[in-house]
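# Observations on chain architecture
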Amino acid sequence: MAAVKTVSVLGATGSVGRSTADILLSDLKSYDVQAVTACSKAEELAALAVKLKAKSAVVADDRSYPILKAALSGTGIEASAGTEAMLEAAAMPADYTMAAIVGMAGLLPTIKAIEQGKCVAIANKEPLVAAGDLVLQTARHSGATLLPVDSEHNAVFQVFEPDNKAAIERIVLTASGGPFRTWPLDKLHGVTPDQAVAHPNWSMGAKISVDSATMMNKALEIVEAHVLFGLPSEKIDVLIHPQSIVHAMVEYADGSVLAQLGAPDMRIPIAHTLAWPARTRTPGKRLDMTGLSRLDFFPADETRWRALTLARQALKAGSGARIAINAANECAVAAFLAGRLNFTGIVEVTEEMMARADQKTPQSLEEILFMDQTVREQTESYILNTLSRKVC
Ligand code: NAD
Ligand code: MG
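About the criteria used
- Residues numbered from 1 in each chain as written.
- Chains lettered and ligands numbered in written order.
- Predicted model: local features only at pLDDT ≥ 70, side-chain atom pairs only at ≥ 80, totals over all residues.
- Heavy atoms only, no water.
- Helix = DSSP H or I, 4+ residues; strand = E, 2+ residues; numbered from the N terminus.
- Rg over C-alpha atoms; globule rule 2.2 N^0.38 Å.
- Buried < 20%, exposed > 50% of the residue type's maximum accessible area, 1.4 Å probe, protein only.
- Contact = heavy atoms within 4.5 Å.
- Areas by Shrake-Rupley, 256 points an atom, 1.4 Å probe, with all protein chains shown as cover.
- Lys, Arg positive; Asp, Glu negative; His and termini not counted.
- Charge placed at Lys NZ, Arg CZ, Asp CG, Glu CD.
- Salt bridge = Lys/Arg side-chain N within 4 Å of Asp/Glu carboxyl O.
- Donors = N, O, S within 2.8 Å, 3.2 Å for Na, K, Ca; no water.
- Near = heavy atom within 4 Å.
- Polar contact = N/O pair within 3.5 Å; in protein donor to acceptor, adjacent residues only side chain to side chain.
- Core = buried A, V, L, I, M, F, W, Y, C linked by side-chain atoms within 4.5 Å.

Scanning the chain for helices and strands turns up 15 helices and 12 strands. Rg of the C-alpha trace for the chain: 20 Å, near the compact-globule value of 21 Å for 392 residues, within the 12% margin. Dimensions of the chain, computed from the C-alpha atoms along their principal axes, are close to 55 × 55 × 40 Å. Here the chain holds 392 residues, and 55% of them are scored as buried. Taking the contacts inside the chain whose residues are at least 6 apart along the sequence as the reference set, 68% of them involve residues at least 24 apart. Put simply, the chain shows about 16800 Å² of open surface, and 54% of that area lies on carbon and sulfur atoms. Side-chain charges of the chain comprise 37 positive and 43 negative groups, with the mean position of each set lying 3 Å from the other.

If you want it as structure tokens, here you go:
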């Protein structure tokens, strides 16, 4: 019988966090849950902590502490709140930590988890985009194993032959194309937040759903793939694949193409990382090949999906541009969801902020955070002063 695995889940109330909890609950005797964290949904987090028999539950937002404490009273589960508590939770010894916070907010907790030198499953792609070198360097120092959770990157990881890396001609990340794949470009201006978060194949958090609709998600994934697999931009392709069944492919020099297929259900890549290097039975959906009438693949038109071009530019320009693409996009998406920016403005603002960004290579975590903050302030003021009149 396999030993019980100690596990922590950062961002436990989110879409990836809940899918992770689902897998843990399906076989709770095999896991000993240490910490679960969230931003502010204290009641939901407390309920999850109780179900998972976690040792501690942490909310980042101090104001949610009284609710968390009351909800956990008498359970023996420790309740805490605030940034320090969040970092302590991330640093709790755990064989496996799921990094599933959304956005750059996940950088410091993810780094703390990596410093423990165990397995860190990374769903939280933004820190990889904006601080990939630092994340890798921290893993090298601590000896931690980073496991990709993003479905495309998990797929590449499953068919990637590290010993034959020189023979890899290209990897292909697939993209569903999002809800507006077939919309005429001149209609995109009026897209509403409700329309943008309604993804055809995947059920995800609001930010990544909007990113999928603008194709910025795939843009961030190009950078993520570069960081995780050490391949140049020219060897990272994107194909539109509306059915989201083939998640990625690796093409080798001998003409072999290895692909990973699966139902569009994040529990599959999550379960893969939880059991890795073994395999386990999961409650995820199953793929019925006979039920598939067809699998379509189209080239990703970079003139339609400008975000993809921005990712390639960011890879060419270096770390400053990677911080900028991520930070400007996060702010622009928040402004769009709040009704302060129109849909097409998201990529336009991001492009403008990339052009203005400091292109220097940050030498420390502090410098990354400073550059990230600077882009956020510039983006906010640009949206406020330049664009709000046009969009509201
Ligand atoms: P989500 O919005 O559903 O959940 C985010 C989680 O992070 C929540 O638990 C929230 O409480 C927590 N959080 C948010 N802000 C925080 C802060 N400031 N401090 C601490 N915690 C905070 O997001 P999601 O869809 O689960 O995505 C999480 C990450 O995984 C993202 O980076 C996303 O790109 C990536 N990802 C998600 C999917 C998916 O299917 N949802 C697939 C691939 C990759
Ligand atoms: Mg993905």
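What follows deals with the pattern of salt bridges. Counted according to the given criterion, the structure contains 22 salt bridges. Note that Asp22 and Arg267 form a salt bridge whose closest N and O atoms lie 2.7 Å from each other. Taken together, the residues Asp22 in helix α1 (residues 15–25) and Arg267 in helix α11 (residues 267–275) connect sequence positions 245 residues apart. Of the residues examined, Asp22 reaches a relative accessible area of 32% and is grouped as partly exposed. Classification of Arg267 as buried rests on a relative accessible area of 17%. Ionic pairing is found between Lys207 and Glu126, a salt bridge with its closest N-O pair at 2.9 Å.

The next point concerns the coordination of the magnesium ion (ligand 2). Bound to the magnesium ion (ligand 2) on the protein side are Asp150 (OD), Glu152 (OE) and Glu221 (OE), at distances that span 2.1 to 2.2 Å. In primary sequence terms, the donor set of the magnesium ion (ligand 2) follows D-x1-E-x68-E. Here Glu221 lies in helix α10 (residues 216–229) and Asp150 lies in the loop between β7 (145–148) and α7 (151–159), a separation of 71 residues in the sequence. For Asp150, a relative accessible area of 8% gives the class buried.

A separate point is the site of ligand 1. Surrounding ligand 1, one finds 23 residues, the nearest of these being Thr13, Ser15, Cys39, Glu126 and Gly205. One nitrogen or oxygen atom from the side chain of Thr13 is found 2.8 Å from an oxygen atom belonging to ligand 1. Note that an oxygen atom of ligand 1 is positioned 3.4 Å from one of the backbone N or O atoms of Val102. Within the complex, 86% of the 830 Å² of free accessible area of ligand 1 lies under protein. Of all elements in the fold, only α1 and α6 (125–142) reach the threshold of two or more residues within the shell around ligand 1.

What follows is about the nonpolar core. Counting 58 residues, the largest nonpolar core has Ile171 and Phe343 as the members making the most contacts within it. Apart from the residues within four sequence positions on either side, Ile171 is in contact with Val156, Ala225, Phe229, Leu231, Lys235, Ile236, Asp237, Met249 and Val250. Counting residues in hydrophobic clusters, the runner-up holds 36 residues, among them Val9, Ala12, Ala100 and Ile270.

The omega angle of the peptide bond from Trp276 to Pro277 is 5°, so this bond is cis rather than trans. The phi dihedral of Lys53 falls on the positive side, at around 55°, and the residue is not glycine. Note that Lys53 resides in the loop between α2 (42–52) and β3 (56–59). Of the residues examined, Lys53 reaches a relative accessible area of 62% and is grouped as exposed. Even without a glycine there, the phi angle at Ser244 is positive, about 50°. By the element assignment, Ser244 lies in the loop between β9 (236–240) and β10 (246–252).

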